[in-house]
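Single-letter residue listing:
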Amino acid sequence: MLKLRKKYVKMIYRIFLLCITSILALFLFRIITRSEKTPMSVGQMLLTAEEYIFGSILDRDGEVIVSGSRKGKLNWNSEEVKLAFDPIFGMNIEKNLLSRTTLLGNCPWIFGTEDSRWEFTDLFNPAKKRIGGSVKLTLDTDLQKYIRNLMEEKGYTNAYAVVSNYSTGEILGATGGIFQIKLHPGSTVKPILAAAVLSLYPELSDYTYNCVANNHIFQTGNGLLEIQCAGNIYHGKVSMEDALVYSCNGYFVSLMQQCDPEKISNQMAKWGFDTTVSYSQFMYWDHTFLNESTNETDYLMAAIGQANVSVTPAGMHFCTTGLLNHGVLEEPIWFAQKKVSPEAEWKEISSHEGTIFCEAEIADHVVKMMQQVTERGTGKSFYLPEFAAKTGTAQKADKEGNLSGLYTVWTTGGLTDKTTPYSVTVCLDDVTNVNSEDAGKIAQKILQYLVETEGGK
Amino acid sequence: MLLIIYMMFSISLYFWTVNSIAYDSVIPKIEYMLGIILLATFFSLLWRVDKDKLTVKGILISGIFMNLGLSVDYRVWENVGNKDLMKDIFMRYTADLILMLTVFGVLYLLVGYTRIYKYRIWNYLLLLVLPIVIYGARITGHKTGGSYLYFGGIMIFGLVLMGFPFVAAWFLARREERYFGKKHSVKNLSWNLVGLLIYTFLLFGGCVVCNEFGLLLVLGLTITVLFMINCKNWLSKLVYAAACFGGAVLAGVVITHLNNRILIWLRPSQSYWNDKLAGQAESVLYVFRHIEQMGWWGKGIGNLSERIFPTLNTDHVLITMLNDYSVLIVGSILLLTILFVRWLLQIPANLCLYDRYLNLVCGLIICFIILIDVASNLGSFITAGIGFPWISDGGSANIMLTALMSVHCGLIRKGNKQYA
């Protein structure tokens, strides 16, 4: 008969100890290496937000914009500051959490998601308050207030503006749903198209077009297409520069007919059209160019920023910023430093490498042409020295596709002087006035303000 | 002294718990207090009857776990209104506690003071009953979450594991008169071991048809240890190990939900991005996401959401402890668990072979339940749906665990008495 020896029982106990140790070791390994840490779900973040006192949001000068005083209670710097920042912060976290198009959606640590309570000192402080982290923005409070007041003075409700330093990628001011709303860009797409065409067909830089009545009817696979220039004006024989300066629609439609649609479409993808665009600090709805359409009319209408072309104000701004910065878009950022808890140190948030849109020579050439827009073209009413810009007006259609009589007017551009590397995009939506002067004048005032205040400092 | 320390812990935990969550009704407080009084009274009585220090230590540890169970039960108490109030009172931990202590008392007296449990008729009856329970669950039971878990309203997990130690001990304590192989050698596989294996495989079959893989796992691990201890033939051990390994791999590949759990265990973070697994991996991923915020002192009793963890008072009670109570409490629980297992595996001197095997199998079952629960809570093993002894809610499982512990206590008493 076999006896149950004590040594077996001891062995079983040792195996048990070994198992427990292994279980804990694997658990601790995964914790320490953070190899299994995944983002919180919306529900978990909401619960965390309930547990923690809201942290602080500071502007680029370190001035507190908003902070939490107790659970669920916020203290704004002032009512004016609240009105200036609220739309882009997305303070309604139940609606905006993880949206990636609002500040709070991109800075969850403000709700305490990155708080760590494993410091040795925490062991002796069980009642330590749970307060979220902080973020220091690249946005300037005074500039933000200035932009908002400017829009309010003019009485525009659906107005969007983005201001940035194109040499660093820092966004200095933003108002409205710049990441969310997608609109037809109208003629503001022309500088991008010009750069795309020049990248593919350098020989077309000398292409000319005779802007007369007969030449405004274009032969397509779907029949004849008539496209007029703004105000039914005929520009006569125009070069690329003139076409951009006077916003000649016929030139760009004709230019597009010289190019292979597929190649143009692929080139536009480099600028973020018909592809997914996302940066480390936010994402915005994808721009569209042809949007998978193979219809030739759509392709030609795309030359003037209509048909399937759509872009967010932020997206348009980043394209212009890339042009102004010699074809390279520095990664756009709107927060520069973070602090995961009140006791933690401020940490710089590193940005990624820039995105190359086109060659520097091509970008500089297009920017030079854009400078002429404010000197002698459609933007001369808001001239500023070194101000390279492009205006645009897009007709809006109702749900049935009929013209609604409303317009989206744009101005996008920036100062070419290296000491004032500021770019601005202003978009006024649902306006009844065809003239894009108002958008340009707002852009001009914003740039003047930036120059006078040395970038809002 | 031990009783005073125990009472201090018990009362402190009570005040910590009731101060953390306030309900409109006083019933949860009364229930909790009743549980504490019941436990204190029972332990005082037991220590008067059995003054053995060894027994006292084990009982004390289980008492601490039961107190934590009462606290967790209070934490998840919800006032459901007068309609279900009576049901709510009698289906909760304190009501289970009365049953647990009754079972403990009865079995302790039976094992410690009599030989009834060794009667052949009792063991034959159990041999017959266990397969009936498992297969009966499949035939008569209702499907709960894809499994047939109940027979006659009681969980088969508790019923089978309560009877299995007696059956296993009966097989292993038989006289080994016949052996496999041409040579009549004790080094060959004995027939009683083969009998136990066949019987266990019969139970395994029942587990598979009932989809009760938690029970299969505990039974499988227990029988493996018993086989490895008893079998002296290396070839048989090798064949057995290969068969187990093959069976486990086959089950992991063929059974979809097991396969999913294995994938989650191996790389929890990958499961987050896998749409097929995402919902199932949340319980594991939660700990890795929130451990930094839990810190030394946890987030406070009542913090963990039932929306995220519907099983926060049963299968995932250790996560509740980690999140709500404190990592220090969890650490203490694990330390106490190690001491408890050590206590369980101690074989009192002067016991007959049947008693010694009975004692070992009881210990092994509790050991594996603890290991599986701790590992699956911490993401170091597949989610197995097994609760932590006495802290988790679950009447039949806790009664089974109390029964196994009472067998051990009874055997300690018997061993000491025989020695004396």
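Rules behind the numbers
- Residues numbered from 1 in each chain as written.
- Chains lettered and ligands numbered in written order.
- Predicted model: local features only at pLDDT ≥ 70, side-chain atom pairs only at ≥ 80, totals over all residues.
- Heavy atoms only, no water.
- Buried < 20%, exposed > 50% of the residue type's maximum accessible area, 1.4 Å probe, protein only.
- Helix = DSSP H or I, 4+ residues; strand = E, 2+ residues; numbered from the N terminus.
- Pairing = 2+ DSSP bridges.
- Salt bridge = Lys/Arg side-chain N within 4 Å of Asp/Glu carboxyl O.
- Expected span 1.5 Å × (residues − 1).
- Patch = residues over 30% accessible without salt bridge, like charges linked within 9 Å, V, L, I, M, F, W, Y side chains within 5 Å.
- Areas by Shrake-Rupley, 256 points an atom, 1.4 Å probe, with all protein chains shown as cover.
- Contact = heavy atoms within 4.5 Å.
- Polar contact = N/O pair within 3.5 Å; in protein donor to acceptor, adjacent residues only side chain to side chain.
- Axes fitted to C-alpha atoms, helices over the stretch in contact; angles between N-to-C directions.
- Parallel < 35°, antiparallel > 145°, perpendicular 65-115°, else oblique.
- Nonpolar A, V, L, I, M, F, W, Y, C, P; charged D, E, K, R; others polar.

**Here's the deal with the pairing of strand β6 (residues 170-175) of chain A**
All names here are of chain A.
So, step 1. Counting buried residues along β6, six of its six residues qualify, which places the element largely inside the surrounding structure.
So, step 2. Examined bridge by bridge, strand β5 (residues 159-165) and β6 share five bridges and lie antiparallel to one another. Counted as the bridge partner of Val162 is Ala174 from β6.
So, step 3. Taking the residues that link successive antiparallel strands as the turn, the β5-β6 hairpin has four residues, and the phi of Gly169 there is positive, at about 90°.

**What about the pattern of salt bridges?**
Residue and element names in this part refer to chain A.
So, step 1. Under the counting rule described, the total for this entry stands at 20 salt bridges over all chains.
So, step 2. Put simply, Arg376 and Asp242 hold a salt bridge, and the shortest N to O gap is 3.3 Å. Placement of Arg376 in helix α13 (residues 360-376) and of Asp242 in helix α8 (residues 240-245) is noted, with a sequence separation of 134 residues between them.

**Re helix α1 (residues 6-33) of chain A**
All names here are of chain A.
So, step 1. Between its first and last C-alpha atoms α1 spans 40 Å; for 28 residues at 1.5 Å apiece the expected length is 40 Å, and the two agree.
So, step 2. Among the residues of α1, Tyr8, Val9, Ile12, Tyr13, Phe16, Ile20, Ile23, Phe27, Arg30 and Ile31 are the ones counted as buried.
So, step 3. Once α1 finishes, Arg34 follows within two positions and takes phi at roughly 55°, a positive value.

**Concerning a nonpolar patch on the surface**
Residues and elements named next belong to chain B.
So, step 1. There is a patch of nonpolar side chains on the surface, built from Phe245, Val249, Leu250, Val253 and Val254 and spanning about 530 Å² of accessible area.
So, step 2. Considering the arrangement of structural elements, one finds Val249 in helix α10 (residues 234-254).
So, step 3. Under the relative-accessibility criterion, Val249 is labelled partly exposed at 40%.

**Digging into the environment of Glu241 of chain A**
Residue and element names in this part refer to chain A.
So, step 1. Topologically, Glu241 is positioned in helix α8.
So, step 2. In this view, Glu241 contacts Met369, Gln372 and Arg376; residues no more than four positions away in its chain are not counted.
So, step 3. Within the structure, the side chain of Glu241 is placed 2.8 Å from the side chain of Arg376, a separation counted as a polar contact.

**Digging into the packing of helix α3 (residues 79-89) of chain A against helix α6 (residues 141-154) of chain A**
Between two packed helices, the angle of one axis relative to the other and the distance separating the axes together describe the packing.
Residue and element names in this part refer to chain A.
So, step 1. As a packed pair, α3 and α6 sit with axes 9 Å apart at the nearest point and diverge in direction by 85°. Judged on the interaxial angle alone, α6 and α3 are roughly perpendicular. The residues of α6 that touch α3, namely those facing Glu80, Val81, Leu83, Ala84, Phe85 and Ile88, are Thr141, Gln144, Lys145, Arg148 and Asn149.
So, step 2. Residues that form the contact of α3 with α6 fall into these classes: five nonpolar, three polar and three charged.

**Observations regarding the sheet that holds strand β17 (residues 387-397) of chain A**
Residue and element names in this part refer to chain A.
So, step 1. Spatially, the five strands line up as an open sheet ordered β6-β5-β19-β18-β17, and their pairing is antiparallel. Of all strands in the sheet, those bounded by a partner on one side alone are β6 and β17. In this sheet, adjacent strand axes meet at a mean angle of 10° when their direction is disregarded.
So, step 2. Contacting β5, β6, β17, β18 (403-415) and β19 (422-431), helix α14 (residues 437-452) runs over the sheet at an angle of about 150° to β19.

**Observations regarding the side chain of Ser269 of chain B**
So, step 1. Here Ser269 of chain B shows up in helix α12 (residues 268-273).
So, step 2. Owing to a relative accessible area of 6%, Ser269 of chain B belongs among the buried residues under this scheme.
So, step 3. A distance of 3.4 Å separates a polar side-chain atom of Ser269 of chain B from the backbone oxygen of Ser35 of chain A.
So, step 4. Among residues more than four places away in sequence, those in contact with Ser269 of chain B are Ser35, Glu36 and Thr38 of chain A together with Leu285 of chain B.

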